[in-house]
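Descriptive analysis of the structure
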Amino acid sequence: MTLICLHTSLQNMVCVLALVQLCLWHFNGVFGDEVKSVSVMEGHSVTLHTDTQLHKHDVIVWKFGVQSPDEIIAKLNKEANKTSFIIERLKNHVEIDDQTGSLIITNITTQHTGLYQLDIIGKTVQNKHFSVTVYAGLSVPVISRVSSQCSSSSSSSCCCVLCSVMNVSHDVSVSWYKGKSLLSSISVSDLNIRLSLPLEVEYQDTNTYRCVVNNPITNLTQHLHITQLCHTCAASHLIVSLSCAAGSVMIVTALLIYCICRKHRKTQQHETVQTGEEEITYADPTFCKRHRHGPRCAVEDDVVYAGVMRR
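Let's talk about a nonpolar patch on the surface
Residues Val252, Leu256 and Ile260 make up a contiguous nonpolar surface patch of roughly 300 Å² in combined accessible area. Tracing the backbone shows Ile260 in helix H3 (residues 231–278).

Now the structure itself:
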């Protein structure tokens, strides 16, 4: 009884292993072809190589699709040694190498992102798959000073800057670095949006800061010049303060000059009055009544004539 049970268990195990092997063979036939990933920048050229020894009677067929490669875009008849077909909308971008059958895509755009399939039809059928990702060109990051991004507690001692990139494509990130150390980073998967990342630095900071925008292929860097971007505002504040101080000094000086001049004028008037009083001669006047036949009062020898001022 024990031997029979053991034999049955071995049979079941063999059946399971056989079933697994059949499944592996099936999936290998469907998904076994390796998908080669290719990344390229927009506007560049890329070649999808066959890496296969072609024979005289082979026919090369290239297919393309965003989700699955179901559209024939080019054919090459090796026996005739010429390209027999290229889809109309890709004639300015696609060509086939007559010797190798490789697909050459020139001046590539983001519309060429997708899956490509190579079929080599001869005595047997061989397939190759390619996944092509086209990245749009990066914009140079722009660093600007913004006060709204600063915290109120540090706005007096810190300079707040913002690194911005316009019209970013998928798989783009913006990062701040202090020397070689990463401070912060932000990424996006949407298209044609603005990506911004703030940073606070001290006015007197002497470290090196840089903003980097990158995708899986390339990157662009913009350095932060604290002395130019941040100290400009600080210097303007200093100039305003100095101007206000200078204006105050000028006003005080003008008031002092006015007071001195007024005091001096009063002193001169007082001296003039005193001088005038010293020149006044006081006398006892004698009034004579005039008669028709001449004066009757005795004329004294010492006569002083003076003007009379009425007050």
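Quick look at the nonpolar core
Counting residues in hydrophobic clusters, the biggest one holds 25 residues, and the most contacted among them are Leu48, Trp62, Ile73, Leu103, Tyr116 and Val132. Membership of the second largest hydrophobic core comes to 22 residues, among which are Leu138, Val161, Cys163 and Val201.

Side note on the pattern of salt bridges
Per the stated rule, a full pass over the model turns up three salt bridges. One salt bridge connects Lys91 with Glu88, and the closest N-O pair in it is separated by 3.3 Å. Its relative accessible area of 47% is what places Lys91 among the partly exposed residues.

Let's talk about the packing of aromatic side chains
Considering all chains together, one arrives at two aromatic pairs under this definition. On the basis of an interplanar angle of 40° and a centroid distance of 5.7 Å, the ring pair of Trp62 and Phe130 is categorised as tilted. Of the two residues, Trp62 sits in strand S3 (residues 59–65) while Phe130 sits in strand S9 (residues 125–135), which places them 68 residues apart along the sequence. By relative accessible area, Phe130 is classed as buried at 3%. Measuring from ring centre to ring centre gives 4.6 Å for Phe64 and Tyr116, while their planes differ by 45°; the resulting arrangement is tilted. Linking Phe64 in strand S3 with Tyr116 in strand S8 (residues 114–121), this pair joins segments that are 52 residues apart in sequence.

Quick look at the confidence of the model for the protein chain
Taken residue by residue, the protein chain gives an average pLDDT of 75. The fraction at 70 or more is 64%. pLDDT under 50 marks residues 1–32. Its contacts with residues more than four places away, or in other chains, come to two contacts. Every residue in residues 232–240 scores below 50 in pLDDT, and together they form three contacts with partners more than four places removed in sequence or on other chains.

Here's the deal with the sheet that holds strand S11 (residues 158–168)
One open sheet accounts for three strands, arranged S10-S11-S14; its pairing is antiparallel. Where the open sheet ends on each side, the last strands, each with one partner, are strand S10 (142–145) and strand S14 (193–202). If you compare each strand with its neighbour and ignore which way they point, the axes differ by 25° on average. One ladder, built from four bridges, connects S10 with S11; its direction is antiparallel. Among the inter-strand pairings, Ile143 is bridged to a residue of S11, identified as Cys163.

Overview of the sheet that holds strand S7 (residues 103–105)
Judged by pairing direction, the sheet is antiparallel, and its three strands sit side by side in the order S2-S7-S6 without closing on themselves. The open sheet has two edge strands, strand S2 (46–48) and strand S6 (94–96), and neither has a second partner. Strand-to-strand twist in this sheet, taken as the mean axis angle between neighbours without regard to direction, amounts to 20°. Bridging between S2 and S7 involves three bridges; their strand directions are antiparallel. Counted as the bridge partner of Leu48 is Leu103 from S7.

Here we look at the state of the cysteines
Within the structure shown, the criterion is met by two disulfides. The side chain of Cys159 participates in a disulfide bridge whose partner is Cys230; the two sulfur atoms lie 1.8 Å from each other. With the S-S dihedral at roughly -75°, the linkage between Cys159 and Cys230 falls on the left-handed side. With Cys159 in strand S11 and Cys230 in the loop between helix H2 (226–229) and H3, this residue pair connects regions lying 71 residues apart in the sequence. Of the two residues, Cys159 and Cys230, neither departs from the other in class, the shared state being buried. Covalently, Cys163 is tied to Cys211 through a disulfide, its sulfur atoms 1.8 Å apart. Looking along the S-S bond of the Cys163-Cys211 disulfide, the torsion reads about -85°, which is the left-handed sense. Here Cys163, found in strand S11, pairs with Cys211, found in strand S15 (residues 209–214); they are 48 residues apart in sequence, far enough to count as distant. You'll find Cys163 and Cys211 in the same group, each marked buried. With no disulfide of its own, Cys158 lies 6.4 Å from the sulfur of Cys160, the closest cysteine sulfur.

Some points on the pairing of S8
For S8, the tally of buried residues reaches six of eight residues, placing the bulk of the element in the interior. Pairing of S3 with S8 involves seven bridges; the strand directions are antiparallel. Paired with Lys63 across the two strands is Gln117, which belongs to S8. Bridging between S8 and S9 involves eight bridges; their strand directions are antiparallel. If you follow Gly114 over to S9, its bridge partner there is Val132.

Rules used throughout
- Residues numbered from 1 in each chain as written.
- Predicted model: local features only at pLDDT ≥ 70, side-chain atom pairs only at ≥ 80, totals over all residues.
- Heavy atoms only, no water.
- Patch = residues over 30% accessible without salt bridge, like charges linked within 9 Å, V, L, I, M, F, W, Y side chains within 5 Å.
- Areas by Shrake-Rupley, 256 points an atom, 1.4 Å probe, with all protein chains shown as cover.
- Salt bridge = Lys/Arg side-chain N within 4 Å of Asp/Glu carboxyl O.
- Helix = DSSP H or I, 4+ residues; strand = E, 2+ residues; numbered from the N terminus.
- Core = buried A, V, L, I, M, F, W, Y, C linked by side-chain atoms within 4.5 Å.
- Buried < 20%, exposed > 50% of the residue type's maximum accessible area, 1.4 Å probe, protein only.
- Phe/Tyr/Trp six-rings, centres within 6.5 Å; stacked < 30°, edge-to-face > 60°.
- pLDDT = per-residue confidence, 0-100.
- Contact = heavy atoms within 4.5 Å.
- Pairing = 2+ DSSP bridges.
- Axes fitted to C-alpha atoms, helices over the stretch in contact; angles between N-to-C directions.
- Disulfide = S-S within 2.5 Å.

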